[in-house]
Amino acid sequence: MKELFARGLRGVIFDCDGVMIDSTDANRAFYNLILAHYGLPPMTPDQEEYSFMASSAQALERLLPEHLHAEIPRIGRDVVNYRREIMPLVKIFPGFLDFAAFLHNHGIRMAVLTNRTAGGMKAVLDFFSLPPYFDPVVTASSGFCKPSPKGAQLILEAWGCQPAEALLVGDSEADLAAARAAGIPFAASPAAPAGLGGDIRMSSYADLRRDLEPVLDRTPL
(Lines give C-alpha, C1' and ligand atoms only; values in the text may rest on other atoms or scores of the structure.)
Protein backbone atom coordinates (compact mmCIF):
# COMPACT_ATOMS: atom_id res chain seq x y z
CA MET A 1 0.00 0.00 0.00
CA LYS A 2 2.87 2.36 0.81
CA GLU A 3 4.25 2.18 -2.73
CA LEU A 4 0.82 3.05 -4.15
CA PHE A 5 0.49 6.35 -2.31
CA ALA A 6 4.04 7.55 -1.82
CA ARG A 7 2.80 11.18 -1.80
CA GLY A 8 -0.26 10.37 0.28
CA LEU A 9 -3.93 9.92 -0.61
CA ARG A 10 -5.97 13.06 -1.30
CA GLY A 11 -9.18 11.80 -2.88
CA VAL A 12 -11.31 8.72 -3.49
CA ILE A 13 -13.56 8.36 -6.53
CA PHE A 14 -16.49 5.97 -6.22
CA ASP A 15 -18.51 4.22 -8.86
CA CYS A 16 -22.15 4.00 -7.74
CA ASP A 17 -23.72 0.60 -8.44
CA GLY A 18 -21.85 -2.25 -6.77
CA VAL A 19 -19.76 0.24 -4.81
CA MET A 20 -21.95 2.80 -3.03
CA ILE A 21 -25.12 0.79 -3.42
CA ASP A 22 -26.17 -2.80 -4.01
CA SER A 23 -28.53 -2.43 -6.95
CA THR A 24 -28.35 -5.86 -8.61
CA ASP A 25 -31.99 -6.73 -7.92
CA ALA A 26 -33.11 -3.18 -8.72
CA ASN A 27 -31.34 -3.06 -12.08
CA ARG A 28 -32.68 -6.46 -13.05
CA ALA A 29 -36.21 -5.41 -12.15
CA PHE A 30 -35.89 -2.10 -14.03
CA TYR A 31 -34.82 -3.63 -17.33
CA ASN A 32 -37.14 -6.64 -17.09
CA LEU A 33 -40.13 -4.35 -16.45
CA ILE A 34 -39.26 -2.45 -19.61
CA LEU A 35 -38.84 -5.65 -21.63
CA ALA A 36 -42.16 -6.97 -20.33
CA HIS A 37 -43.85 -3.69 -21.29
CA TYR A 38 -42.82 -4.32 -24.90
CA GLY A 39 -43.69 -8.02 -24.80
CA LEU A 40 -40.05 -9.12 -24.78
CA PRO A 41 -38.48 -11.92 -22.67
CA PRO A 42 -36.43 -11.17 -19.54
CA MET A 43 -32.72 -10.48 -19.81
CA THR A 44 -30.28 -13.31 -20.40
CA PRO A 45 -27.26 -13.61 -18.05
CA ASP A 46 -25.04 -11.99 -20.71
CA GLN A 47 -27.46 -9.08 -21.09
CA GLU A 48 -27.59 -8.65 -17.31
CA GLU A 49 -23.80 -8.49 -17.09
CA TYR A 50 -23.61 -5.82 -19.80
CA SER A 51 -26.54 -3.80 -18.47
CA PHE A 52 -25.12 -3.60 -14.95
CA MET A 53 -21.95 -1.83 -16.13
CA ALA A 54 -23.34 0.23 -19.04
CA SER A 55 -25.33 3.43 -18.99
CA SER A 56 -29.10 2.96 -19.18
CA ALA A 57 -29.14 4.30 -22.74
CA GLN A 58 -26.39 1.88 -23.81
CA ALA A 59 -28.17 -1.03 -22.11
CA LEU A 60 -31.54 -0.24 -23.66
CA GLU A 61 -29.99 0.10 -27.11
CA ARG A 62 -28.70 -3.44 -26.74
CA LEU A 63 -31.85 -4.88 -25.14
CA LEU A 64 -34.49 -3.35 -27.39
CA PRO A 65 -34.99 -3.85 -31.13
CA GLU A 66 -33.91 -0.95 -33.27
CA HIS A 67 -37.43 0.23 -34.06
CA LEU A 68 -37.91 1.04 -30.34
CA HIS A 69 -34.69 3.03 -29.91
CA ALA A 70 -36.46 6.33 -30.52
CA GLU A 71 -38.49 5.69 -27.36
CA ILE A 72 -35.46 5.26 -25.09
CA PRO A 73 -35.35 8.89 -23.83
CA ARG A 74 -38.88 8.60 -22.40
CA ILE A 75 -38.77 5.01 -21.11
CA GLY A 76 -37.40 5.75 -17.64
CA ARG A 77 -40.07 8.40 -17.17
CA ASP A 78 -43.15 6.88 -18.82
CA VAL A 79 -42.75 3.10 -18.67
CA VAL A 80 -41.30 2.57 -15.18
CA ASN A 81 -41.84 4.68 -12.07
CA TYR A 82 -38.25 4.46 -10.89
CA ARG A 83 -38.75 5.97 -7.45
CA ARG A 84 -41.80 3.88 -6.58
CA GLU A 85 -41.00 0.59 -8.30
CA ILE A 86 -37.21 0.40 -8.30
CA MET A 87 -35.64 2.49 -5.52
CA PRO A 88 -37.13 0.35 -2.70
CA LEU A 89 -35.05 -2.55 -4.07
CA VAL A 90 -31.79 -0.60 -3.75
CA LYS A 91 -29.63 -0.99 -0.63
CA ILE A 92 -26.59 0.91 0.65
CA PHE A 93 -23.53 -1.25 0.17
CA PRO A 94 -22.46 -2.73 3.54
CA GLY A 95 -19.87 -0.57 5.28
CA PHE A 96 -19.94 2.24 2.73
CA LEU A 97 -21.36 4.99 4.94
CA ASP A 98 -18.89 4.27 7.75
CA PHE A 99 -16.03 4.30 5.26
CA ALA A 100 -17.15 7.61 3.74
CA ALA A 101 -17.38 9.15 7.23
CA PHE A 102 -13.87 7.84 7.97
CA LEU A 103 -12.48 9.51 4.84
CA HIS A 104 -14.33 12.75 5.57
CA ASN A 105 -12.93 12.85 9.10
CA HIS A 106 -9.42 12.58 7.63
CA GLY A 107 -9.99 15.41 5.17
CA ILE A 108 -10.02 13.12 2.11
CA ARG A 109 -12.07 14.39 -0.80
CA MET A 110 -14.70 12.16 -2.41
CA ALA A 111 -16.40 12.13 -5.80
CA VAL A 112 -18.74 9.94 -7.80
CA LEU A 113 -18.02 8.67 -11.32
CA THR A 114 -20.94 6.67 -12.65
CA ASN A 115 -22.58 5.57 -15.87
CA ARG A 116 -25.94 6.42 -14.31
CA THR A 117 -27.65 9.52 -15.67
CA ALA A 118 -27.68 12.69 -13.57
CA GLY A 119 -31.32 12.02 -12.66
CA GLY A 120 -30.62 8.43 -11.65
CA MET A 121 -27.69 9.46 -9.47
CA LYS A 122 -29.68 12.25 -7.85
CA ALA A 123 -32.40 9.71 -7.04
CA VAL A 124 -29.84 7.63 -5.14
CA LEU A 125 -28.37 10.60 -3.26
CA ASP A 126 -31.81 11.90 -2.33
CA PHE A 127 -33.46 8.56 -1.52
CA PHE A 128 -30.77 7.64 1.00
CA SER A 129 -30.15 11.23 2.18
CA LEU A 130 -26.45 10.66 1.61
CA PRO A 131 -24.16 13.26 3.19
CA PRO A 132 -22.87 16.03 0.91
CA TYR A 133 -19.35 14.62 0.77
CA PHE A 134 -19.29 13.89 -2.95
CA ASP A 135 -18.06 16.67 -5.22
CA PRO A 136 -17.98 16.55 -8.14
CA VAL A 137 -20.56 13.99 -9.19
CA VAL A 138 -19.83 13.00 -12.79
CA THR A 139 -22.53 11.00 -14.57
CA ALA A 140 -23.28 9.70 -18.05
CA SER A 141 -25.18 12.95 -18.62
CA SER A 142 -21.81 14.71 -18.81
CA GLY A 143 -21.18 12.91 -22.10
CA PHE A 144 -18.33 10.85 -20.66
CA CYS A 145 -19.24 7.22 -20.06
CA LYS A 146 -16.68 4.80 -18.67
CA PRO A 147 -14.42 3.27 -19.90
CA SER A 148 -13.53 6.79 -21.07
CA PRO A 149 -11.07 8.35 -18.59
CA LYS A 150 -12.41 11.86 -19.19
CA GLY A 151 -14.81 11.84 -16.25
CA ALA A 152 -12.02 10.79 -13.88
CA GLN A 153 -9.75 13.46 -15.36
CA LEU A 154 -12.44 16.10 -14.76
CA ILE A 155 -12.53 15.10 -11.10
CA LEU A 156 -8.75 15.27 -10.72
CA GLU A 157 -8.74 18.69 -12.37
CA ALA A 158 -11.47 19.95 -10.04
CA TRP A 159 -9.46 18.72 -7.05
CA GLY A 160 -6.07 19.91 -8.30
CA CYS A 161 -4.91 16.38 -7.59
CA GLN A 162 -2.37 14.11 -9.30
CA PRO A 163 -3.59 10.67 -10.45
CA ALA A 164 -1.21 8.88 -8.07
CA GLU A 165 -2.78 10.75 -5.13
CA ALA A 166 -6.28 9.37 -5.80
CA LEU A 167 -8.03 6.01 -5.65
CA LEU A 168 -10.90 4.83 -7.84
CA VAL A 169 -13.20 2.18 -6.34
CA GLY A 170 -15.20 0.20 -8.90
CA ASP A 171 -16.65 -3.17 -9.74
CA SER A 172 -16.38 -3.57 -13.52
CA GLU A 173 -13.97 -3.74 -16.44
CA ALA A 174 -15.21 -0.29 -17.49
CA ASP A 175 -14.21 1.13 -14.10
CA LEU A 176 -10.80 -0.52 -14.26
CA ALA A 177 -10.20 0.70 -17.81
CA ALA A 178 -11.13 4.28 -16.87
CA ALA A 179 -8.78 4.18 -13.88
CA ARG A 180 -5.92 2.72 -15.90
CA ALA A 181 -6.33 5.26 -18.71
CA ALA A 182 -6.34 8.11 -16.18
CA GLY A 183 -3.36 6.69 -14.27
CA ILE A 184 -5.35 6.30 -11.03
CA PRO A 185 -4.84 3.34 -8.66
CA PHE A 186 -7.85 1.02 -8.69
CA ALA A 187 -9.59 -0.89 -5.90
CA ALA A 188 -11.99 -3.68 -6.88
CA SER A 189 -15.05 -3.64 -4.64
CA PRO A 190 -16.34 -6.82 -2.94
CA ALA A 191 -19.05 -6.99 -5.63
CA ALA A 192 -16.50 -7.12 -8.47
CA PRO A 193 -16.03 -10.36 -10.43
CA ALA A 194 -13.29 -12.55 -8.99
CA GLY A 195 -11.12 -12.15 -12.07
CA LEU A 196 -11.19 -8.34 -12.15
CA GLY A 197 -7.69 -6.94 -11.80
CA GLY A 198 -6.54 -3.85 -9.99
CA ASP A 199 -4.13 -2.61 -7.37
CA ILE A 200 -6.31 -3.48 -4.37
CA ARG A 201 -8.83 -6.30 -3.98
CA MET A 202 -11.26 -5.34 -1.23
CA SER A 203 -12.99 -8.00 0.84
CA SER A 204 -14.93 -5.30 2.72
CA TYR A 205 -14.86 -1.57 3.41
CA ALA A 206 -13.60 -2.33 6.91
CA ASP A 207 -10.55 -4.06 5.39
CA LEU A 208 -9.92 -1.18 2.99
CA ARG A 209 -10.10 1.24 5.91
CA ARG A 210 -7.45 -0.75 7.80
CA ASP A 211 -5.24 -0.79 4.70
CA LEU A 212 -5.56 2.97 4.18
CA GLU A 213 -5.12 4.12 7.77
CA PRO A 214 -1.28 4.16 7.60
CA VAL A 215 -1.48 6.12 4.33
CA LEU A 216 -3.86 8.70 5.77
CA ASP A 217 -1.72 9.13 8.88
CA ARG A 218 1.10 10.43 6.68
CA THR A 219 -1.08 12.44 4.27
CA PRO A 220 -0.87 16.21 4.98
CA LEU A 221 -4.30 17.75 5.55
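Bear in mind the structure is a predicted one, so any value in this text is a computation, not a measurement.

**Some remarks on the packing of helix α6 (residues 96-105) against helix α10 (residues 205-217)**
Thinking step 1. Orientation of α6 relative to α10, taken along the N-to-C sense of each, is 10 degrees, at an axis distance of 10 Å. Put simply, α6 runs roughly parallel to α10. Residues Phe96, Phe99, Phe102 and Leu103 of α6 pack against Tyr205, Leu208, Arg209, Leu212, Glu213 and Leu216 of α10.
Thinking step 2. Broken down by class, the residue content of the contact of α6 with α10 amounts to eight nonpolar, no polar and two charged.

**A few points about the nonpolar core**
Thinking step 1. Counting residues in each nonpolar core, the largest one holds 52 residues, and the members touching the most others are Phe14, Met20 and Tyr205.
Thinking step 2. Of all hydrophobic cores here, the second largest spans 19 residues; its members include Trp159, Cys161, Ile184 and Phe186.

**A short note on the state of the cysteines**
Thinking step 1. Inspection of every chain in the model, using the stated rule, returns zero disulfides.
Thinking step 2. A disulfide-free cysteine, cysteine 145 has its sulfur positioned 14 Å from the sulfur of cysteine 16, the nearest such atom.

**Some details on the sheet that holds strand β5 (residues 134-138)**
Thinking step 1. In space, the six strands of this open sheet follow the order β5-β4-β1-β6-β7-β8, with parallel pairing throughout. Of all the strands in the sheet, the pair left with one neighbour each is β5 and β8 (200-201).

**Side note on the side chain of asparagine 27**
Thinking step 1. Mapped onto the secondary structure, asparagine 27 falls in helix α1 (residues 24-37).
Thinking step 2. Sequence-distant contacts of asparagine 27, that is, excluding residues within four places in its chain, are made with Asp17, Met43, Phe52, Tyr82 and Arg116.

**Quick word on the pattern of salt bridges**
Thinking step 1. With the rule as written, the count across this model stands at 13 salt bridges.
Thinking step 2. Lysine 146 is the salt-bridge partner of aspartate 175, the closest N and O atoms lying 2.6 Å from each other. Linking aspartate 175 in helix α9 (residues 173-182) with lysine 146 in the loop between β5 and α8 (150-159), this pair joins segments that are 29 residues apart in sequence.
Thinking step 3. A residue is classified by how much of its surface remains accessible, and aspartate 175, at 1% relative accessible area, is buried.
Thinking step 4. With relative accessibility at 5%, the residue lysine 146 sits in the buried group.
Thinking step 5. For arginine 210, the salt bridge identified is with aspartate 207, shortest N-O distance 2.0 Å. A residue pair is termed a helical-turn pair when its members lie 3 or 4 positions apart in one helix, as arginine 210 and aspartate 207 do in helix α10 at three residues.

How each quantity is defined
Residues numbered from 1 in each chain as written. Predicted model: local features only at pLDDT ≥ 70, side-chain atom pairs only at ≥ 80, totals over all residues. Heavy atoms only, no water. Axes fitted to C-alpha atoms, helices over the stretch in contact; angles between N-to-C directions. Helix = DSSP H or I, 4+ residues; strand = E, 2+ residues; numbered from the N terminus. Parallel < 35°, antiparallel > 145°, perpendicular 65-115°, else oblique. Contact = heavy atoms within 4.5 Å. Nonpolar A, V, L, I, M, F, W, Y, C, P; charged D, E, K, R; others polar. Core = buried A, V, L, I, M, F, W, Y, C linked by side-chain atoms within 4.5 Å. Buried < 20%, exposed > 50% of the residue type's maximum accessible area, 1.4 Å probe, protein only. Disulfide = S-S within 2.5 Å. Pairing = 2+ DSSP bridges. Salt bridge = Lys/Arg side-chain N within 4 Å of Asp/Glu carboxyl O.

Note that all results are geometric; they support no functional claim without further evidence.
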